[in-house]
Every structure is written in C-alpha cells, then in structure tokens.
Amino acid sequence: MKVKMRVPSTTANLGPGFDVFGAALSLYNEFEVEYLPNVKKTIFVLKGEGQKALPKNEKNLVWQSMQETFKFFGEKKYNLKNLNITINTNIPLSGGLGSSASAIVGGIALANVLCGDKLNKSQIADLGIKIEGHPDNIVPAVFGGLCICGKDERGTHGTVVHLPLPKLKVVLCVPSFELRTKHSRQILPKCVNLKDVVFNISRVALLTAAFCSGDYELLKKGMQDKIHQPYREKMVPAMNEVLETAVSAGAYGAFLSGSGPAIASFCAKKDAVNIQKAMIKKWKKESVSVKSYILNFDAKGVVRM
Ligand code: HSE
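Please read all numbers here as calculations on a predicted model, not as lab measurements.

Draft legend 1. Looking closely at the overall build of the protein. Scanning the protein for helices and strands turns up 10 helices and 11 strands. Whereas a compact globule of 305 residues would reach a radius of gyration of roughly 19 Å, the protein reaches 19 Å, a difference of no more than 12%. Expressed along its principal axes, the backbone C-alpha trace of the protein runs to roughly 60 × 40 × 35 Å. Considering the protein as a whole, with its 305 residues, one finds that 53% of them fall into the buried category. Across the protein, the fraction of contacts at a sequence separation of at least 24, relative to all contacts at a separation of at least 6, is 74%. As displayed, the protein has an accessible area near 13,800 Å², and 52% of this comes from carbon and sulfur atoms. When the 41 positive and 25 negative side-chain charges of the protein are each reduced to one mean point, those points stand 4 Å apart.

Draft legend 2. Here's a closer look at the pattern of salt bridges. For the structure shown, the criterion picks out 7 salt bridges. Measuring nitrogen to oxygen at the nearest pair gives 3.4 Å for the salt bridge that ties Glu68 to Lys71. You can see Glu68 and its partner Lys71 sitting in helix H1 (residues 61-73), 3 residues apart, about one turn around the helix. A relative accessible area of 27% means that Glu68 is categorised as partly exposed. Put simply, Asp271 and Lys270 hold a salt bridge, and the shortest N to O gap is 3.1 Å. On the basis of relative accessible area, Asp271 is assigned to the buried category, the value being 18%.

Draft legend 3. Local environment of the site of the ligand. In the neighbourhood of the ligand, the contacting residues comprise Ala12, Asn13, Phe18, Asp19, His134, Asp136, Asn137, Thr181, Arg185, Arg232, Gly258 and Ser259. Between a nitrogen atom of the ligand and a side-chain N or O atom of Asp19, the distance comes to 2.5 Å. In this structure, a nitrogen atom belonging to the ligand sits 2.7 Å away from a side-chain N or O atom of Asp136. Classifying every residue of the shell around the ligand gives 2 nonpolar, 6 polar and 4 charged. In terms of domain composition, the shell around the ligand takes at least three residues from each of domain 1 (2-164 + 299-304) and domain 2 (169-295).

Draft legend 4. View of the domain arrangement of the protein. According to the domain assignment, the protein contains domain 1 (2-164 + 299-304) and domain 2 (169-295). Every contact between the two is made by 28 residues of domain 1 and, on the other side, 37 residues of domain 2. When the area that domain 1 buries against domain 2 is broken down by residue, the three leading residues are Pro16, Phe18 and Ser94, summing to 25%. At the surface where domain 1 touches domain 2, the tally comes to 2 salt bridges. Two residues, Asp19 and Arg185, come together in a salt bridge whose shortest N-O distance is 2.7 Å. At the junction of domain 1 and domain 2, the tally comes to 11 residue pairs in polar contact (both at pLDDT 80 or more). For the side of domain 1 that touches domain 2, the secondary-structure elements that each account for two or more residues are strand S1 (2-12), strand S2 (21-35) and strand S5 (146-150).

Draft legend 5. Broad picture of the sheet that holds strand S10 (residues 290-295). Pairing in this open sheet of 4 strands is antiparallel, and the strands run S8-S9-S7-S10 from one edge to the other. Every other strand in the sheet has two partners, leaving strand S8 (253-256) and S10 as the edge strands with one partner each. With strand direction ignored, the average angle separating the axes of adjacent strands in the sheet is 15°. Pairing analysis gives 4 bridges linking S8 to strand S9 (residues 263-267), with the strands arranged antiparallel. When the sheet's bridge partners are listed, Gly253 is paired in S9 with Phe266. This element, helix H9 (residues 239-248), spans S8 and S9 of the sheet and lies at about 160° to S8.

Draft legend 6. Structural detail: the packing of H9 against helix H10 (residues 272-285). Between H9 and H10, the shortest axis-to-axis distance is 9 Å and the interhelical angle comes to 155°. As the angle between them shows, H9 and H10 are arranged roughly antiparallel. Seen from above, H9 lies across H10 with right-handed handedness. Along the contact surface, H9 presents Glu241, Val242, Thr245 and Ala246, while H10 presents Ile275, Ala278, Met279, Lys282 and Trp283.

Criteria and thresholds
- Residues numbered from 1 in each chain as written.
- Predicted model: local features only at pLDDT ≥ 70, side-chain atom pairs only at ≥ 80, totals over all residues.
- Heavy atoms only, no water.
- Helix = DSSP H or I, 4+ residues; strand = E, 2+ residues; numbered from the N terminus.
- Rg over C-alpha atoms; globule rule 2.2 N^0.38 Å.
- Buried < 20%, exposed > 50% of the residue type's maximum accessible area, 1.4 Å probe, protein only.
- Contact = heavy atoms within 4.5 Å.
- Areas by Shrake-Rupley, 256 points an atom, 1.4 Å probe, with all protein chains shown as cover.
- Lys, Arg positive; Asp, Glu negative; His and termini not counted.
- Charge placed at Lys NZ, Arg CZ, Asp CG, Glu CD.
- Salt bridge = Lys/Arg side-chain N within 4 Å of Asp/Glu carboxyl O.
- Near = heavy atom within 4 Å.
- Polar contact = N/O pair within 3.5 Å; in protein donor to acceptor, adjacent residues only side chain to side chain.
- Nonpolar A, V, L, I, M, F, W, Y, C, P; charged D, E, K, R; others polar.
- Domains from an automatic or database assignment.
- Buried area = accessible area lost by both parts, 1.4 Å probe.
- Pairing = 2+ DSSP bridges.
- Axes fitted to C-alpha atoms, helices over the stretch in contact; angles between N-to-C directions.
- Parallel < 35°, antiparallel > 145°, perpendicular 65-115°, else oblique.
- Left-handed = near helix turned anticlockwise from the far one by under 90°.

Shown next, in the form of structure tokens:
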C-alpha cells in the first residue's frame, strides 16, 4: 500500500497575532509512505531542501509524527523495519515557513490512512498541536486558508476561525541561515509590558478588520507588533530595515514570518515583483543572501495525492 500527501507551507503570527494567526501558502512538501511487510529495514528517500540535512532514523519528524499517530490508534504493525518513507521538501528548513509543521502534518496524515483513515481534519490538527506545541502553523497546514487559532487550555486546537482569503500575493524572503523556533522562543521574555499588550490588541483588531472588510490599507498598522519581533530583531540582521523596505516599495504590510528568519509581505499582484526586488536588494546590502518567493494563499491544506 502506497500513500502520498501534499502539505502547504505556512506563515504564522502575521505581526501582532503571536501564536494565533496563520496562513497556508502555495509552496508544498510531499510525503509518501509504502508499507512493505516483508522488508527488513525502512528506507528514507530524501529529496529537495532536506536531502542532506534531515535524519534517516527515528529522529525524523515525519517518522516521529507517524509513531504518535500509531500510538493514538494502538497500532503496532508498522515500525522502522517495514515502511519506505519518501520526503520531498520544497519548504526551506527552519526558515519561518512552517517546515516542521508540514512534516508533522504529513506524518500524521500518512499514518492516519495506514490506520484506516479514521481521523478528520480537526483530529489531525489536535494531534499536530500536541506534537508541535503551538497551533498557528499546524492549523493552516491542515485546513488551508487564513486562520485564527484559539487554542484551549487542554492544548488542543480549540476554536478555529477561517477568515476570507485575501486577494493578495505574499512576497517572502528567506535568509540562507536557519533559525530554530525553539531558540527563537527562548529569547522571548516571560512577561510583557501592559502598554505593549494594548498596542498588540489594537493591531490584531485592525488586522482582523482588514481581512474581513477587504480594506488592506489597514494592514500597514495592523501588521505591527511589540511583543515578539523586537526581541527577535537581534537574530535577524536588518529585520526592521527589510520590513520598512517592503512597505516603502508598495506592500500593504510586512512581518517576521513565524519565528523567522523569513520576512513576509502582503501586497497587490502588480507590486509583487518590485517589492521582491527591493527586499532582496536591502538584504544583499547587509551581505545576507536570500531565497525569495512570490506565493498565493493555499485554500486546501493537507491533501492526499
Ligand atoms: N508562533 C510561533 C512563534 C511560530 O512565533 O514562535 C509558529 O508556530
């Protein structure tokens, strides 16, 4: 039996919506598993971005997420000896585009099919959040679209609200260095100032209003943040300059994508190429080489191929 899944990249936070806002984008990883009852050793076939970097053993996140799913079902038939796993990664690793979330969702979705396809998307998201810890990449990777994720106290996905898909392009620049989310979270303060919280609440309200009304001019303010980006700035050279460059070049708004180091901007189709050029140029001036993408929003989330 062979199963293949496609999982989108995601951009999280969208500025002020730390751990709450996330959107699925049109850059995809593909995951395939084949059950071979008579073979003696699992073969990991790695292609693309993760070809050299991803582990070919039980440390592999796709494998670990499959294991969690087998455990959930109490299924003991599948192990590291009888599965062939192919991972084709187009999403840069540790770049701020949800590469880990995509691996987790891919692993759960593959294992779910091997176990009889009993989980719905909400249950896949719940399991994914349990593994990842925060919902804002997992939820859009599962459902697609632009999501507000209200995690409940039990740590499951809680309430998910799907906002209208913006009629916009997403320009992304991903620096060539990796920044692990774990590290990028460790540098955040345990407590934040009430003034900064009020600032972020106002920006989240503007952000939500912008997407609901289609008044994208609100994004310039609505994507401002004071509770995580300022602390992460020291790990992303010229972060503020690149954010300002994107907006000066015509973007409605710009933000650190997830925990970084990628920077994303939302813009009209006609402005995308100019914004991309300006962001690349700014970073080049700082001697940071980047990969750059102009993407659409993905509306489907994880799909079986
Ligand atoms: N919201 C997370 C963070 C990243 O900023 O650390 C995506 O889950």
